[in-house]
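Residues per chain are reported as follows:
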Amino acid sequence: YTTVTSTVNVTVKLSQAGWATLSPFRAAIAPGDSITFTATGWDQAGQSYQPVGVNWRTTSGTMTGTGILTNASPGLRTAGFILSTEQARVDVSAP
């Protein structure tokens, strides 16, 4: 009869299907200006992570793949991403 002792490291990967936030949530810019949005994912344990493959959307202007809104026409606009239902409000108005 022999006793064998060993150590095993176990890594538990939680699903990254917690929730997501968008920053800034509310902003004001002048026509022709740009603004950068940031998406942050939160896992089920409350740990933040940088989401991969964020699909940005806007109601006016152009959103780059890195979350930069440019060329928005005047008015109250929304910008967001498909990873979440979060949407930011952007007021584009002349100074």
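Use the structure listed above.
My aim in this report is to walk through the structure given alongside it, one point at a time. (Residues numbered from 1 in each chain as written. Predicted model: local features only at pLDDT ≥ 70, side-chain atom pairs only at ≥ 80, totals over all residues. Heavy atoms only, no water.)

Attention shifts here to the overall build of the protein. Looking only at helices and strands, the protein has zero helices and 10 strands in total. Along the protein, helices and strands appear, N-terminal first, in the series β-β-β-β-β-β-β-β-β-β. Burial status across the protein gives 29% buried among its 95 residues. Look at the contacts in the protein between residues 6 or more apart in sequence, and 47% of them connect residues 24 or more apart. When the accessible area of the protein is evaluated, it comes to approximately 6500 Å², of which 51% is carbon and sulfur surface. (Helix = DSSP H or I, 4+ residues; strand = E, 2+ residues; numbered from the N terminus. Buried < 20%, exposed > 50% of the residue type's maximum accessible area, 1.4 Å probe, protein only. Contact = heavy atoms within 4.5 Å. Areas by Shrake-Rupley, 256 points an atom, 1.4 Å probe, with all protein chains shown as cover.)

The subject of this paragraph is the environment of Phe25. For Phe25, the position within the fold is in the loop between strand S1 (19-23) and strand S2 (26-29). Placed 55 residues apart in sequence, Phe25 and Gly80 show a C-alpha to C-alpha distance of 9.5 Å.

Side-chain alternation along S1 places Ala20 and Leu22 on a buried face and Trp19, Thr21 and Ser23 on a face that remains uncovered. As defined by bridge partners, S1 adjoins strand S4 (residues 38-42) across five bridges and the pair is classed as antiparallel. Bridge pairing in S4 links Ala20 to Gly41. (Pairing = 2+ DSSP bridges.)

In this section: the sheet that holds strand S7 (residues 62-63). Taken in spatial order, the three strands line up as S3-S8-S7 in an open sheet, and their pairing is antiparallel. Either end of the sheet is taken by a strand with one partner, and the two such strands are strand S3 (35-36) and S7. Strand direction decides the pairing type here: S3 and strand S8 (residues 68-70), joined by two bridges, are antiparallel. What sits directly across from Ile35, in S8, is Leu69.

This part covers the sheet that holds strand S5 (residues 48-49). A sheet is described by the order of its strands in space; here three strands give the open sequence S1-S4-S5, paired in antiparallel fashion. Sheet topology places S1 and S5 at the edges, where each strand pairs with a single neighbour. Sheet topology note: the S4/S5 ladder contains two bridges and is antiparallel. Its bridge partner lying in S5, Gly41 is registered against Tyr49.

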